Amino acid sequence: MTTYESTRYKALGFYVGTEFHRFAGGLYHTDDPATMAVLDAINDVVRAADEVTEQVPEEPVKPAPKPRKAANTSAK
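Everything in this summary refers to the structure shown in the same document. (Residues numbered from 1 in each chain as written. Predicted model: local features only at pLDDT ≥ 70, side-chain atom pairs only at ≥ 80, totals over all residues. Heavy atoms only, no water.)

**Considerations on the overall build of the protein**
Looking only at helices and strands, the protein features 1 helix and 5 strands. Each helix and strand of the protein, placed in order from N terminus to C terminus, yields the pattern β-β-β-β-α-β. Within the protein, the fraction of its 76 residues that count as buried is 21%. Long-range contacts, defined here as pairs at least 24 residues apart, represent 51% of the contacts in the protein between residues at least 6 apart. Working note: accessible area of the protein is about 6,700 Å², and carbon and sulfur atoms make up 53% of it. (Helix = DSSP H or I, 4+ residues; strand = E, 2+ residues; numbered from the N terminus. Buried < 20%, exposed > 50% of the residue type's maximum accessible area, 1.4 Å probe, protein only. Contact = heavy atoms within 4.5 Å. Areas by Shrake-Rupley, 256 points an atom, 1.4 Å probe, with all protein chains shown as cover.)

**A few points about the environment of E5**
Here E5 is to be found in strand 1 (residues 2-6). C-alpha separation for the pair E5 and A48, spaced 43 residues apart in sequence, amounts to 5.8 Å.

**Let's talk about the sheet that holds strand 4 (residues 27-30)**
The 3 strands lie next to each other as 4-1-5, forming an open sheet whose pairing is antiparallel. Edge positions in the sheet fall to strand 4 and strand 5 (45-50), since each of these pairs with one other strand and no more. Averaged over all adjacent pairs, the angle separating strand axes in this sheet is 30°, with direction ignored. In this sheet, strand 4 lies alongside strand 1 in antiparallel orientation, the contact comprising 4 bridges. The residue bridging E5 from the neighbouring strand is L27, located in strand 4. Across the face of the sheet, helix 1 (residues 33-41) comes into contact with strand 1, strand 4 and strand 5 while running at roughly 145° to strand 4. (Pairing = 2+ DSSP bridges. Axes fitted to C-alpha atoms, helices over the stretch in contact; angles between N-to-C directions.)

So far we have only geometry, and geometry alone does not tell us how the molecule works.
Take a look at the structure:
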């Protein structure tokens, strides 16, 4: 997911084809290549961050150890 930041207007609006889009709080998130091309061409917009969604392999979960039986400690 790519994040864009509006440097001048917090609610900047723009068109991609005939569809209207708007920044919310000065930020806009997208993965659409057409939208990214339009945003890259706007002077008041900078690409803030590219979020990399990398899959990190999880470590296998080890089963919990079984509880030991209590030894007979009663004195006779």
